Each structure stands twice: as structure tokens, then as C-alpha cells.
Number of protein chains: 2
Amino acid sequence: MSRTIKFMLNKQLDAIIKEEKNTIANLSNASALLFDQLSNINWAGFYLWDSEDDELILGPFQGKVACIRIKHGEGVCGTAFKEQRSLIVDDVHLFPGHITCDAESQSEIVVPITKNGKQIGILDIDAPIKNRFSEEDRSIARRICSCFITVYKYLNALYTCQSQFIDYTLFSICALKPSSELNNHQKKAGTVSQPFLQI
Amino acid sequence: MSRTIKFMLNKQLDAIIKEEKNTIANLSNASALLFDQLSNINWAGFYLWDSEDDELILGPFQGKVACIRIKHGEGVCGTAFKEQRSLIVDDVHLFPGHITCDAESQSEIVVPITKNGKQIGILDIDAPIKNRFSEEDRSIARRICSCFITVYKYLNALYTCQSQFIDYTLFSICALKPSSELNNHQKKAGTVSQPFLQI
């Protein structure tokens, strides 16, 4: 990822989410931004931890239809979450217990999201080519996760609301695809003066 | 939309969401399915009603970064929601008060979602060509919305959770793009025997 793309990604993400309290909207838009800006990617988004069911649950994403629930320690996502460390997998087919959601996926990066010691979920990005993700990408993915934690005073846990009407666990992101030039909307979004995520 | 595509879309949507209670995951996956299956579309997803702020709020979607909040009666989405009727707009640039999120969008269909008299939100689909949506598409979009209402015993209102940690309104869908052949994952998903949405 070039320095220019990183800078624009950070500024646009800042512009999109820093004034908005709605987590679902923010994670949905963040996934759209990642999907549009990152090259050689076919899926990007979040899975979030449901402590009641002891599973990661799919949240907002872009890319093809995905596995909804991932058990603790299962596949690349479950392993990264269980071990609380980011993982770069150059060839997912060689990863023990790999879960095939999209047959196009060849490599993957997963970064856990934690706030104040609470395990919230993971950011997951897949690529249709092997060896897609570098240490620089790991750094960027970590920064993207940390920016959500920084700005989200509301984001303290994967929260399950239960009432007469609702019973679902909140938020998540995911989705990726070949990058393109910034469109006018994004150029405008990128003009915000104070990116919260310095690179 | 061909009868075959409609049938597959319904069966796959059924397969994806009927066993899953998590609304965010379901709406996220539904948006992925729409985005992958519908032809000549550049955005698809939901906006959901926040009664506290009197606005529609962006939910899970696929497509480019989108407007987060839409006021009651504003643009195509706000008008369809306010008037509680589906709208097909052949040329969005001719629609009074049209909100330009993605400059590529040329035509649009919006269908309100209501359950037991409660206004929940809207399904919104944009196309990069004029005159994209037909009466048949309107019928399909209505069925997609109704299937969520049917299966979601949890979906009774756009629900705002407020606590020490969270304050966001729940769920939404959106995203569209040129269709493609079904992939293996989707073919498998389409084998479920009892579609809840008959066409």
C-alpha cells in the first residue's frame, strides 16, 4: 500500500466516522472505504465477539456472502481472536482448519480489536492472490482497528441487546476488491483537516 | 430480473438468514447477496429509522461510501419513508431534493419496511444507468423486505440501545453491482428445500 493511499484512507475514515455515533453506520462505511481503496482484495470486514454463544459473529462487510459464526479458535479469524495476535496468512489453504467462505480467497490478514482489555472482535481482510499482505499492511490494519477504539466511546464490548423485541449482537465490518481512483465524494471526504489517525 | 435469478435469490436469502437470529449478520449477508446477484446496480442496502433523531440511518450495505443520515422526507429515501410507499425513480437527477452519495447512481428503487404498523426503515438500490428498475423489480424488492419481516420475530422496530457503553441504532442493508454466475458457496446455499419467499 503506497503512502498516498494510506494517508487518504486514514483521512477519509476520519472524515466518515469521527462525527457519527452510530456504530453500525460507521463500520458499514468503513468497510465500503476499505473495499474501494485497497488493491487485490476480495473481502473485508469485521467479526465481533458474542460472549453468550462463545463465537465470532459476522458484522457489516463488503464482498461475497460470508460465514456467519466462527467458533473460538477456529480458522484464521478464530485463531487470531483466541490468541489475541494479528495473523498474516500467505496461503490460507495451508492454514490448519481454514474455513472456506469464498473460494477466491488465497491469503488473509486478521487483526484483533480490544479495548481496555475487553476482546471486541476482529478486522478480517481476504485477497484473491497468495502473499498479498505485508508487515506494512499489518501496521495499517492495526491502526484502522485502533482508530475505532479511540473514537468509539460507545465501543466497549460486543454488546448483546435482549428485550421483548430484539436479540442480536451488535456491529462488525468486512469487504474488499480492486482499488480505483477516488471518486468525488471520497475526495471531498478526504479534505477534513484533522485526521485522528496519523501515519 | 429473470425468473431463475429471482428464484435463486429467494432461496439463497432464505438459506442465509432463516436459521440466524443476528440481525446485523443477516442484513450484511443479504446485502452481499443482492450486490452479487443483481445486474446493473452500484449500491444496495438498508437505511433504518431512528425515531430519536427523526432520521434514517445507514446500515450494512455494499457499494461505495454512503450518506449516513437522511432526514424525514429528504431525497428519494426520505420521501419513500415519509410517504410509506415504494418509489422507482428513472432519473435521480430529476427528483426534487435528490441526495448525491455516489455520482454514478442514475436510477433508484426504494421500498419502505414496516412491521405491524411500525416504520422500520427502507431497502434502497441504486443503478448506474437510467430506467433500471421495473414493476417486476418493485415486486421483488417488496418480497425481500417482507421476508425479513416474516422471519424476524426480533425485528419489531428500529431499536436504539442506550446504556453506559452503547448508543446506536440497529441494523440496515445496502449494495449493488453487475451480477455474475453463482459461486460454489452460493450454489450450495441455494439447495435449501423450503424457501420462505415464494415467487
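What you see is a predicted model; the values in this text were computed from it and never measured.

A.B. asks: Can you help me understand the overall build of chain A in this one?
C.D. replies: Secondary structure assignment for chain A yields 5 helices and 8 strands. Overall, chain A shows an N-to-C arrangement of helices and strands of α-α-β-β-β-α-β-β-β-α-β-β-α. A buried classification covers 62% of the 199 residues belonging to chain A. Nonlocal contacts in chain A, meaning residues at least 24 apart in sequence, comprise 64% of its contacts between residues at least 6 apart.

A.B. asks: Would you mind going over the packing of aromatic side chains with me for this structure?
C.D. replies: Each aromatic ring pair is characterised by the separation of its centres together with the angle its planes make. Residues and elements named next belong to chain A. Within this structure, the stated rule accounts for 6 aromatic pairs over all chains. For the pair Trp43 and Phe61, a centre-to-centre distance of 5.1 Å together with 25° between the ring planes defines the contact as stacked. Placement of Trp43 in strand 1 (residues 43-50) and of Phe61 in strand 2 (residues 55-63) is noted, with a sequence separation of 18 residues between them. Phe61 matches Trp43 in its accessibility class, with the two residues each being buried. These aromatic residues form a ring-pair network of at least three members: Trp43, Tyr47 and Phe61.

A.B. asks: Hey, could you run me through the environment of A:Val110 in this one?
C.D. replies: Residue and element names in this part refer to chain A. Turning to its location among the elements, Val110 is positioned in strand 5 (residues 107-115). Looking at Val110, the relative accessible area reads 0%, which means it is buried. As for Val110 and Ser31, which are separated by 79 residues in sequence, their C-alpha atoms are 14 Å apart. In contact with Val110, not counting residues within four places along its chain, are Val76, Cys77, Ala80, Arg85, Ser86, Leu87, Ile122, Leu123 and Asp124.

A.B. asks: What is the right way to look at the sheet that holds strand 6 (residues 118-127) of chain A in this model?
C.D. replies: Across a sheet, strands are paired by hydrogen bonds formed along the backbone, either parallel or antiparallel in direction. Residues and elements named next belong to chain A. Pairing is antiparallel in the open sheet, where 6 strands are placed in the order 3-2-1-6-5-4. Both outer strands of the open sheet, strand 3 (69-71) and strand 4 (87-89), are each paired with one neighbouring strand and no more. If you compare each strand with its neighbour and ignore which way they point, the axes differ by 25° on average. Of the strand pairs in this sheet, strand 1 and strand 6 are connected by 6 bridges, and their pairing is antiparallel. Each bridged residue has a counterpart across the sheet, and for Gly45 the counterpart in strand 6 is Asp124.

A.B. asks: Before we go on, may I ask you to explain the pairing of strand 5 (residues 107-115) of chain B in this structure?
C.D. replies: Both faces of the sheet carry side chains from a regular strand, because those side chains alternate between them. Residues and elements named next belong to chain B. Counting buried residues in strand 5 gives 8 out of 9 residues, a clear majority hidden from the surface. With 9 bridges joining them, strand 5 and strand 6 (residues 118-127) adopt antiparallel strand pairing. Directly across from Ile109, in strand 6, lies its bridge partner Ile125. The loop that links strand 5 with its antiparallel partner strand 6 comprises 2 residues; one of these, Asn116, has a positive phi angle of about 50°.

A.B. asks: How should the sheet that holds strand 1 (residues 43-50) of chain B be read in this particular structure?
C.D. replies: All names here are of chain B. Spatially, 3-2-1-6-5-4 is the arrangement adopted by the 6 strands of the open sheet, whose pairing is antiparallel. Each edge of the sheet is formed by a strand with only one pairing partner; in this case those strands are strand 3 (69-71) and strand 4 (87-89). Each strand axis lies, on average, 25° off the axis of its neighbour in the sheet, ignoring direction. In this structure, strand 4 lies alongside strand 5, joined through 3 bridges in antiparallel fashion. Along strand 5, the bridge assignment pairs Ile88 with Ile109.

Calculation notes
Residues numbered from 1 in each chain as written. Chains lettered and ligands numbered in written order. Predicted model: local features only at pLDDT ≥ 70, side-chain atom pairs only at ≥ 80, totals over all residues. Heavy atoms only, no water. Helix = DSSP H or I, 4+ residues; strand = E, 2+ residues; numbered from the N terminus. Buried < 20%, exposed > 50% of the residue type's maximum accessible area, 1.4 Å probe, protein only. Contact = heavy atoms within 4.5 Å. Phe/Tyr/Trp six-rings, centres within 6.5 Å; stacked < 30°, edge-to-face > 60°. Pairing = 2+ DSSP bridges. Axes fitted to C-alpha atoms, helices over the stretch in contact; angles between N-to-C directions.

Remember, this is a structural readout, not a statement about activity or role.
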